[in-house]
Amino acid sequence: MSFELPELPYAYDALQPYMSAETLEFHHDKHHNTYVETGNKLLVGSGLEGNALEEVVTGSYGKNQPLFNNAAQHYNHIHFWKWMKPGGGGTKIPGSLQSRIDSDLGGFDKFRDAFVEAGKGQFGSGWCWLAMKDGKLEVMKTPNGENPLVHGAKPLLGCDVWEHSYYIDYRNARPKYLEAWFDNLINWEYVEQMFAAA
Ligand code: MN3
């Protein structure tokens, strides 16, 4: 199985003004596409061809760093596009996820603060996450392409804090990007789907 670049699930300008068409054109068509093309070259002869993407991610971690970087970023971005939608965000979380956020993370406001702080506190490129680990919700941050899969957890929501995700729209203001992203772009229905499957 080779990696394939998925279509964006909305128009390039659908997330404006919080994320511009220009950002999505570069981020999806250039950055994500490069992970796909480089990943496909590195997959050849790796011993991991024919595996599901998640298995390529966990199987290459700590063993084949170049393949891991590209496979993990491919996995992260497939979900990142779906973790956003036009008219997203808000404080209403569907289904049973809300009550788990209340019991595991102390409620919506505390969770939002922890998630934004994780994104702010990730030094350099990386991601911040809501993940399920050992049956409990957890907020995490990871460097570069790393994700919760390689830490024994299932990602439910992730925000890309590489500069390529926000520099066109927010310049160096990562906190502003994180807050705008959380409050206006999150596709909670997709988060709930991943929660139900975790
Ligand atoms: Mn990215």
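What counts, and at which threshold
- Residues numbered from 1 in each chain as written.
- Predicted model: local features only at pLDDT ≥ 70, side-chain atom pairs only at ≥ 80, totals over all residues.
- Heavy atoms only, no water.
- Domains from an automatic or database assignment.
- Contact = heavy atoms within 4.5 Å.
- Buried area = accessible area lost by both parts, 1.4 Å probe.
- Salt bridge = Lys/Arg side-chain N within 4 Å of Asp/Glu carboxyl O.
- Helix = DSSP H or I, 4+ residues; strand = E, 2+ residues; numbered from the N terminus.
- Buried < 20%, exposed > 50% of the residue type's maximum accessible area, 1.4 Å probe, protein only.
- Donors = N, O, S within 2.8 Å, 3.2 Å for Na, K, Ca; no water.
- Core = buried A, V, L, I, M, F, W, Y, C linked by side-chain atoms within 4.5 Å.
- Phe/Tyr/Trp six-rings, centres within 6.5 Å; stacked < 30°, edge-to-face > 60°.
- Pairing = 2+ DSSP bridges.
- Axes fitted to C-alpha atoms, helices over the stretch in contact; angles between N-to-C directions.

1. A word on the domain arrangement of the protein
Then comes step 1: By the assigned domains, the protein splits into domain 1 (21-82) and domain 2 (95-197).
Then comes step 2: Of the residues lining the interface, 19 residues belong to domain 1; the matching set on domain 2 comes to 24 residues.
Then comes step 3: Between domain 1 and domain 2 lies a buried interface of about 1800 Å² when both sides are counted; carbon and sulfur atoms form 61% of it.
Then comes step 4: On the domain 1 side of the interface with domain 2, the three residues burying the most area are Thr23, Phe80 and Lys82, jointly 30% of the side's total.
Then comes step 5: Joining domain 1 to domain 2, the criterion identifies zero salt bridges.

2. Quick look at the pattern of salt bridges
Think of it this way: side chains of opposite charge can pair up when their charged atoms draw near.
Then comes step 1: Overall, the coordinates contain four salt bridges when judged by the stated rule.
Then comes step 2: With its nearest N and O atoms 2.8 Å apart, the salt bridge here joins Asp183 to Arg112. In this pair, Asp183 sits in helix α7 (residues 174-184) while Arg112 sits in helix α5 (residues 108-121), placing the two residues 71 residues apart along the sequence.
Then comes step 3: Residue Asp183 is classed as partly exposed on the basis of its relative accessible area, which comes to 32%.
Then comes step 4: The class of Arg112 is buried, set by a relative accessible area of 17%.

3. Points about the coordination of the manganese ion
Then comes step 1: Bound to the manganese ion are the protein donor atoms His27 (NE2), His77 (NE2), Asp160 (OD) and His164 (NE2), situated 1.9 to 2.1 Å from the metal.
Then comes step 2: Along the chain, the residues donating to the manganese ion are arranged with the sequence spacing H-x49-H-x82-D-x3-H. With His27 in helix α1 (residues 21-43) and Asp160 in strand β3 (residues 154-160), the pair connects residues that are 133 residues apart, well separated along the chain. With respect to class, His27 is no different from Asp160; both count as buried.

4. Details of the nonpolar core
Then comes step 1: In terms of nonpolar packing, the biggest core is built from 60 residues, with Leu157, Tyr177, Trp181 and Trp188 touching the most fellow members.
Then comes step 2: Examining the composition of this core, we find that eight residues originate from one element, helix α3 (residues 65-82), more than from any other.
Then comes step 3: Residue assignment places this core across two domains, with domain 1 (21-82) and domain 2 (95-197) each supplying three or more.

5. Considerations on the packing of aromatic side chains
Then comes step 1: Summed over the entire model, instances satisfying the criterion amount to 16 aromatic pairs.
Then comes step 2: Aromatic side chains Phe182 and Trp188 sit 5.9 Å apart centroid to centroid with 75° between the ring planes, which places their arrangement in the edge-to-face category. Per residue, the accessibility class of Phe182 equals that of Trp188, and both read buried.
Then comes step 3: Connected via pairs of aromatic rings, a cluster forms that spans Phe80, Trp81, Trp83, Phe108, Phe111, Phe115, Trp127, Trp129, Trp181, Phe182, Trp188 and Tyr190.

6. Notes on the sheet that holds β3
Then comes step 1: Pairing is antiparallel in the open sheet, where three strands are placed in the order β2-β1-β3. The sheet is open, and its two borders are formed by β2 (136-143) and β3, each paired with just one other strand. Neighbour-to-neighbour, the strand axes of this sheet turn through a mean angle of 20°, independent of strand direction.
Then comes step 2: Where strand β1 (residues 126-133) lies against β3, six bridges are found, and the strand directions are antiparallel. Counted as the bridge partner of Ala131 is Pro155 from β3.
Then comes step 3: Against the sheet, helix α4 (residues 97-105) makes contact with β1 and β2, and its axis sits at roughly 80° relative to β2, the strand it touches most.

7. Here's the deal with unusual backbone geometry
Then comes step 1: A cis geometry characterises the amide bond from Gln16 onward to Pro17, with omega recorded as 5°.
Then comes step 2: In the Ramachandran plot, Asp134 falls in the positive-phi region, its phi being about 50° despite a non-glycine side chain.
Then comes step 3: Of note, Arg171 is a non-glycine position whose phi angle comes to about 50°, a positive value.
Then comes step 4: With respect to the helices and strands, Arg171 occurs in the loop between α6 (167-170) and α7.

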